[in-house]
Amino acid sequence: MSAADPNAPASPTSGGPQAGGFLRIAHRGASAECPENTLAAFRRALELDAQMIECDLQLTADGHVVVFHDWTLERTSNGSGVVRELTLAALRRLDVGAWRDRRYAGERMPTLEETLELVLPRAQLNLELKSRGSREAAQRLAQAAVGAVAARGALDRVVFSSFDPVCVEAARSASDAARIGILWDAPPFDRAWQLAAALGAVALHPRASTVTPALVREAHERGLAVYVWTVNALADMLRLAGYGVDGLMSDHPDRLREAVRRLSAPA
């Protein structure tokens, strides 16, 4: 990628992006208007010029990687039960779109491969690894996800993140080239800094309410980009951009685009 590529990762050592230059990250796709974590949501996010799409990965009972957020199926599908206890074939029979609107009836749970095929030609991905249960399962998820991205030669266009240290440790073990993001929910950040250093992470992913100018400065001093979740109000986008964050995750990629427009407009 050239230095002018708008989809290139923000430099974590530059002290933050230029005005309006933060990475526009669609949280679970364009999830404010489409069923989250579906190909429909990802397509819409791309239409709205998202530069990165965040989505959630889980492992099925038969070892496939699928895109789904909740541990159980009830909220965003017509099924029931625990995702990791069902096979890919069983999960693919479910409708994961109609719960949001009948226009999306027939949407199927995406696989990681389908997601890579759709998104990577046009945008980056932030893949959140979600595993509950055994340490071995977390490792298998991370290894499968990193392996699928590596097979496409696309490790430079993907960030692997997780609240589970085992998942990101396994992602690092799977490839020295894997780009790691440290997801963090609340202060203190001491453990986050330790994990980032130990794993050679490229980014800190803090909750929006925890972000201060001092936190952004410290992250940059440590060589980390700052990708903030989840920011839906335009005023908050503008405020956080003023702190020098490198990326904002939002359910509203259209608002991220508007924030960039306002920040880039002549004074």
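What comes next concerns the included structure.

### Quick look at the packing of helix α8 (residues 234-243) against helix α9 (residues 253-264)
The N-to-C vectors of α8 and α9 enclose an angle of 50 degrees; their axes lie 10 Å apart at closest approach. Taken together, the axes of α8 and α9 are oblique relative to one another. Helix-helix and strand crossings are classified by hand; for α8 and α9 the assignment is right-handed. When α8 is examined against α9, the residues L234, M237, L238 and A241 are found in contact with a partner set consisting of R255, L256, E258, A259, R262 and L263. Residue classes in the contact of α8 with α9 are distributed as 7 nonpolar, no polar and 3 charged.

### Describing the environment of F160
The topology assignment puts F160 in strand β5 (residues 158-162). Those residues within four positions of F160 in sequence are excluded, and the remaining contacts are L127, L129, A145, V146, V149, L155, V168, A171, A178, R179, I180 and G181.

### Re unusual backbone geometry
In terms of backbone geometry, most residues other than glycine have negative phi values and most peptide bonds are trans. Looking along the chain, the bond that leaves P187 and enters P188 is cis, with omega of 0 degrees. Counting through the fold element by element, P188 comes out in the loop between β6 (179-184) and α6 (190-199). In the Ramachandran plot, R28 falls in the positive-phi region, its phi being about 60 degrees despite a non-glycine side chain. Topologically, R28 is positioned in the loop between β1 (23-27) and α1 (39-47). Although it is not a glycine, D49 adopts a positive phi angle of roughly 70 degrees.

### A short note on the nonpolar core
In terms of nonpolar packing, the biggest core is built from 72 residues, with L57, F160 and I182 touching the most fellow members. Sorting elements by how many residues they give to this core places helix α4 (residues 135-151) first, with 7 residues. Apart from residues lying up to four places away in sequence, L57 is in contact with V65, V66, V67, L112, L127, E128, L129, K130, L141 and A145. Judged by nonpolar contacts, the second largest core, of 10 residues, contains I25, M52, A225 and Y227.

### Here we look at the pattern of salt bridges
Charged atoms that come close allow side chains of opposite charge to pair. Applying the stated criterion to the full structure yields 17 salt bridges. We note a salt bridge from R75 to D70, for which the minimum N-O separation is 2.8 Å. Overall, R75 belongs to the partly exposed group, its relative accessible area being 41%. Measuring nitrogen to oxygen at the nearest pair gives 3.2 Å for the salt bridge that ties R152 to E113. Linking R152 in the loop between α4 and β5 with E113 in helix α3 (residues 112-119), this pair joins segments that are 39 residues apart in sequence. On the basis of relative accessible area, R152 is assigned to the partly exposed category, the value being 36%.

What counts, and where the lines are drawn
- Residues numbered from 1 in each chain as written.
- Predicted model: local features only at pLDDT ≥ 70, side-chain atom pairs only at ≥ 80, totals over all residues.
- Heavy atoms only, no water.
- Axes fitted to C-alpha atoms, helices over the stretch in contact; angles between N-to-C directions.
- Helix = DSSP H or I, 4+ residues; strand = E, 2+ residues; numbered from the N terminus.
- Parallel < 35°, antiparallel > 145°, perpendicular 65-115°, else oblique.
- Left-handed = near helix turned anticlockwise from the far one by under 90°.
- Contact = heavy atoms within 4.5 Å.
- Nonpolar A, V, L, I, M, F, W, Y, C, P; charged D, E, K, R; others polar.
- Core = buried A, V, L, I, M, F, W, Y, C linked by side-chain atoms within 4.5 Å.
- Buried < 20%, exposed > 50% of the residue type's maximum accessible area, 1.4 Å probe, protein only.
- Salt bridge = Lys/Arg side-chain N within 4 Å of Asp/Glu carboxyl O.

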